[in-house]
Amino acid sequence: MASASGRGKSTIEVWRVQDTWEDERGRYQDELKTVTRDKTIEKASDKLSDELADIAIANFKAHKLVRDYAHLIFQIKARHLKEIQQLPPEEQGAELKKHSASEMNYWSLILSRSTQEIAAATGLPYYINVNTSAKKLEQEGYVVLDPRSEESNDERP
């Protein structure tokens, strides 16, 4: 540095001590480490977010397919029941015995579970239920005020 600046070596040494170059270098290196760590975390977080989004999408598609299938079964059963209603009363009983309550319960459970999973994957409860949305926000540390309540009106500036 002395030869590059045209100053004496002792002058450079005095500047180094007076201006605490080692401390400055240490702070710079610490800042560089922090920035590098933050960028690494951000990149890993983005990758994890993308992977979780892919999982959520796959989960949604699978449950939607199951829901659509169960819904189709119910449509077929409903058409068959309408056909049975058109039969003479003495034939209706025999045809109704061909339907199984446990099978209907089975398909109903599949439809219900797949619908619940679709709702969970899409966040649907938070769009259709104000109380669920408010509870979720409160769990995240926010204060939810009802504009109709007196407390809310008193707290407003």
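That block above? That's the structure.
Computed from a predicted model, the values in this text were never measured in an experiment.

The rules behind these values
- Residues numbered from 1 in each chain as written.
- Predicted model: local features only at pLDDT ≥ 70, side-chain atom pairs only at ≥ 80, totals over all residues.
- Heavy atoms only, no water.
- Phe/Tyr/Trp six-rings, centres within 6.5 Å; stacked < 30°, edge-to-face > 60°.
- Helix = DSSP H or I, 4+ residues; strand = E, 2+ residues; numbered from the N terminus.
- Buried < 20%, exposed > 50% of the residue type's maximum accessible area, 1.4 Å probe, protein only.
- Axes fitted to C-alpha atoms, helices over the stretch in contact; angles between N-to-C directions.
- Parallel < 35°, antiparallel > 145°, perpendicular 65-115°, else oblique.
- Left-handed = near helix turned anticlockwise from the far one by under 90°.
- Nonpolar A, V, L, I, M, F, W, Y, C, P; charged D, E, K, R; others polar.
- Contact = heavy atoms within 4.5 Å.
- Salt bridge = Lys/Arg side-chain N within 4 Å of Asp/Glu carboxyl O.
- Patch = residues over 30% accessible without salt bridge, like charges linked within 9 Å, V, L, I, M, F, W, Y side chains within 5 Å.
- Areas by Shrake-Rupley, 256 points an atom, 1.4 Å probe, with all protein chains shown as cover.
- Lys, Arg positive; Asp, Glu negative; His and termini not counted.
- Charge placed at Lys NZ, Arg CZ, Asp CG, Glu CD.

Take the packing of aromatic side chains next. Taken as a whole, this structure holds two aromatic pairs when the rule is applied. An angle of 55 degrees between the planes, with centres 5.5 Å apart, marks the rings of Tyr 69 and Trp 107 as tilted. Here Tyr 69, found in helix H3 (residues 21-86), pairs with Trp 107, found in helix H5 (residues 101-122); they are 38 residues apart in sequence, far enough to count as distant. Judged by its relative accessible area of 13%, Trp 107 is buried. Relative to Trp 107, the ring of Tyr 106 has its centre 5.2 Å away and its plane inclined at 80 degrees; by these criteria the two rings are edge-to-face. Residue classification places Tyr 106 among the partly exposed positions, given a relative accessible area of 48%. Members of the aromatic cluster, each reached through a chain of ring pairs, are Tyr 69, Tyr 106 and Trp 107.

What follows concerns unusual backbone geometry. One non-glycine residue, Thr 20, lies in positive phi territory at about 45 degrees. Tracing the sequence through the fold places Thr 20 in the loop between helix H2 (9-18) and H3. What makes Thr 20 partly exposed here is its relative accessible area of 32%.

Running from N to C, H3 and H5 cross one another at 150 degrees; their axes reach a closest spacing of 8 Å. Considered as vectors, H3 and H5 are oriented roughly antiparallel to each other. Of the two possible hands of crossing, H3 and H5 adopt the one that is left-handed. Of the residues belonging to the contact of H3 with H5, the class tally is 13 nonpolar, seven polar and five charged.

So, about the side chain of Ser 114. Relative to the assigned elements, Ser 114 resides in helix H5. Contact partners of Ser 114, with chain neighbours within four places excluded, come to His 63, Val 66 and Arg 67.

A separate point is the pattern of salt bridges. Inspection of every chain in the model, using the stated rule, returns eight salt bridges. The partner of Arg 16 in a salt bridge is Glu 22, with the nearest N and O atoms 2.2 Å apart. Of the residues examined, Glu 22 reaches a relative accessible area of 38% and is grouped as partly exposed. Here Asp 68 ties to Lys 64 by a salt bridge, and the two come within 3.0 Å at their closest N and O atoms. With Asp 68 and Lys 64 both in helix H3 and four residues apart, the pair spans about one turn of that helix.

Turning to its location among the elements, Lys 77 is positioned in helix H3. On the accessibility criterion, Lys 77 (17% relative accessible area) is buried. If we skip the residues at most four places from it in the chain, Lys 77 touches His 99, Glu 103 and Met 104.

As a further point, take the environment of Ile 55. Along the chain, Ile 55 falls in helix H3. Here the alpha-carbon distance between Ile 55 and Ala 121, two residues 66 residues apart in the chain, equals 9.6 Å.

Below, the discussion takes up a negative patch on the surface. Judged by side-chain charge, Glu 42, Asp 46, Asp 50, Glu 51 and Asp 54 come together as a negatively charged surface patch. In this fold, Glu 42 is placed in helix H3.

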